[in-house]
Number of protein chains: 2
Amino acid sequence: MRSEAGSLDRTVEDRLAEVGQRYTAHRRSLIAALAAAKRPLAIADLLTVLRGVPQSSAYRNLGVLEEAGIVRRVITEGDYARFELDEGLTAHHHHLVCENCGRVEDVEIPGTFERSIDRTLERLARDAGFATVGHRLDLIGRCRSCA
Amino acid sequence: MRSEAGSLDRTVEDRLAEVGQRYTAHRRSLIAALAAAKRPLAIADLLTVLRGVPQSSAYRNLGVLEEAGIVRRVITEGDYARFELDEGLTAHHHHLVCENCGRVEDVEIPGTFERSIDRTLERLARDAGFATVGHRLDLIGRCRSCA
DNA sequence: CTTCCTGCAAAAGTTTTGCATTAAC
DNA sequence: GTTAATGCAAAACTTTTGCAGGAAG
């Protein structure tokens, strides 16, 4: 988990280099936008903030960043995908999802609780013949505006 | 939570009637297929089982059933939606999601653990100004075939 | 100078919708 | 008889891809 902007850029650049990819201007602005948001952003959000980036470039770059393990595609309720920085670059967290407007916010839960979840799920997965990689815990509810 | 087939049909019929909808043959077979599966089914799965039902009818009927609170749309990793009976008609459960092949299976977790999750999330949601409706806890991993 | 990135336009894939017809109540 | 459901085809929408030109190392 790195918090300074310079450190983040260096990490991203290194990971891209490992897979023979460059850290271009488009990619820098995508990363900056995702790092500044406290929630996963949809392509539409990104295109608004990053005026001048064609949709196809945004998709293609997010695809590259995803394969490099830098960005994660978040599937929620809506019709389109949202993107956030991978957990290796941020803190492990969960999402508050508004069932009415689709808004998604990040939220962290206590570490002890997190470990308790992991232990329980690990056992359940083993019983079911699954190799656990992680979990996804979202809160579904109504945000302030939609309550 | 009702388990007998007859009781399920009656419940579905009643709920549809409440919103001025009919319990037709297509809808009966959709419900039967969903009730028989131990996992959320994609449209493609349903169309295979229910030979002769046009895709548009399946989508339209699932939409009606969803609005009536009978069926729930499950968003996982893949590109298309999956459907399952609403929790009012089955038991509360979670999903094992294979990150490789997209397979999804139902899994239940201990009641005490479930309640502990609910308590913790309720508090977090309140702090964030969210009215909690429920939670979604999925295990992400690799299934037997993909391990 | 070779490899990767960009931008446009076109294609692909899933889901929704308009409309005339048929079935349910 | 009214109202809702069906089936077909067409549309809408998000996401992916082909390709020619441009930038980066």
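Owing to the predicted nature of the structure, the values given are computational and were not obtained by experimental measurement.

## Considering the overall build of chain A
1) Next: Per the secondary structure count, chain A includes five helices and six strands.
2) Next: Starting at the N terminus and ending at the C terminus, chain A contains elements arranged as α-α-β-α-α-β-β-β-β-α-β.
3) Next: The 147 residues of chain A split such that 44% are buried.
4) Next: By sequence separation, contacts in chain A at least 24 residues apart represent 48% of the contacts at least 6 residues apart.
5) Next: Roughly 7800 Å² of accessible area belongs to chain A as shown, and the carbon and sulfur atoms make up 46% of that amount.
6) Next: Taken as two groups, the 21 positive and 22 negative side-chain charges of chain A have centres that lie 3 Å from each other.

## A few points about the domain arrangement of chain A
Residue and element names in this part refer to chain A.
1) Next: Splitting chain A by domain gives domain 1 (1-90) and domain 2 (91-147).
2) Next: The interface is formed by 12 residues belonging to domain 1 together with 11 residues belonging to domain 2.
3) Next: Surface buried jointly by domain 1 and domain 2 totals about 990 Å² across both partners, of which 50% is contributed by carbon and sulfur atoms.
4) Next: Counting across the interface, domain 1 meets domain 2 through zero salt bridges.
5) Next: At the boundary of domain 1 and domain 2, one finds six residue pairs in polar contact (both at pLDDT 80 or more).

## Quick look at the protein's contact with DNA strand C
1) Next: Lining the immediate environment of DNA strand C, one finds 20 residues, of which Gln21, Arg27 and Arg60 of chain A together with Tyr59 and Ala81 of chain B sit closest.
2) Next: For DNA strand C, the backbone makes up 60% of the atoms found within 4 Å of the protein, where backbone means sugar plus phosphate.
3) Next: Between glutamine 21 of chain A and DNA strand C, the recorded distance is 2.6 Å, taken from a side-chain N or O atom to a phosphate oxygen.
4) Next: Between arginine 60 of chain A and DNA strand C, the recorded distance is 2.6 Å, taken from a side-chain N or O atom to a base oxygen.
5) Next: Counting residues per element, the ones that place at least two in the surface near DNA strand C are helix H2 (25-36) and helix H4 (55-67) of chain A together with helix H4 (55-67) of chain B.
6) Next: Classifying every residue of the surface near DNA strand C by side-chain character gives four nonpolar, nine polar and seven charged.

## Focus on the protein's contact with DNA strand D
1) Next: Around DNA strand D sit 20 residues, and of these Tyr59 of chain A together with Gln21, Arg22, His26 and Arg27 of chain B come closest.
2) Next: For DNA strand D, the backbone makes up 62% of the atoms found within 4 Å of the protein, where backbone means sugar plus phosphate.
3) Next: With respect to DNA strand D, the side chain of tyrosine 59 of chain A contributes an N or O atom lying 2.2 Å from a phosphate oxygen.
4) Next: Taking threonine 24 of chain B, its side chain carries an N or O atom lying 3.1 Å from a phosphate oxygen of DNA strand D.
5) Next: Broken down by secondary-structure element, the contributors of at least two residues to the surface near DNA strand D are H4 of chain A together with helix H2 (25-36) and H4 of chain B.
6) Next: Of the residues in the surface near DNA strand D, the class split is four nonpolar, nine polar and seven charged.

## Remarks on H4 of chain A
Residues and elements named next belong to chain A.
1) Next: Taking 1.5 Å of rise per residue, 13 residues should cover 18 Å, and H4 covers 18 Å from first to last C-alpha, within 8% of that figure.
2) Next: Inspection of H4 places Ala58, Asn61, Leu62, Val64 and Leu65 among the buried residues, and these make up the whole buried set. Around the axis of H4, the buried residues are gathered within 160° of arc, so they sit on the same side. Counted as exposed and oriented over 90 degrees from the buried face of H4: Arg60 and Glu67.
3) Next: Remark: glycine 69 follows H4 within two positions and exhibits a positive phi of approximately 75°.

## Observations concerning the relation of the copies chain B and chain A
1) Next: Each copy of the sequence occupies a distinct position, and chain B is placed on chain A by a rotation of 179° and an axial shift of 0.0 Å, giving an RMSD of 0.2 Å. Accordingly, the operation relating the two chain copies is best matched by a two-fold axis. Residues of chain B ranked by C-alpha distance from the rotation axis are headed by leucine 137 of chain B, positioned 2.2 Å from it.
2) Next: Interface overlap between copies is the fraction of interface residues in one copy that are interface residues in the other; for chain B against chain A it reaches 100%, indicating a shared surface.

Parameters at a glance
- Residues numbered from 1 in each chain as written.
- Chains lettered and ligands numbered in written order.
- Predicted model: local features only at pLDDT ≥ 70, side-chain atom pairs only at ≥ 80, totals over all residues.
- Heavy atoms only, no water.
- Helix = DSSP H or I, 4+ residues; strand = E, 2+ residues; numbered from the N terminus.
- Buried < 20%, exposed > 50% of the residue type's maximum accessible area, 1.4 Å probe, protein only.
- Contact = heavy atoms within 4.5 Å.
- Areas by Shrake-Rupley, 256 points an atom, 1.4 Å probe, with all protein chains shown as cover.
- Lys, Arg positive; Asp, Glu negative; His and termini not counted.
- Charge placed at Lys NZ, Arg CZ, Asp CG, Glu CD.
- Domains from an automatic or database assignment.
- Buried area = accessible area lost by both parts, 1.4 Å probe.
- Salt bridge = Lys/Arg side-chain N within 4 Å of Asp/Glu carboxyl O.
- Polar contact = N/O pair within 3.5 Å; in protein donor to acceptor, adjacent residues only side chain to side chain.
- Near = heavy atom within 4 Å.
- Nonpolar A, V, L, I, M, F, W, Y, C, P; charged D, E, K, R; others polar.
- Expected span 1.5 Å × (residues − 1).
- Arc of directions from axis to C-beta.
- Least-squares fit on C-alpha atoms with pLDDT ≥ 70 in both.

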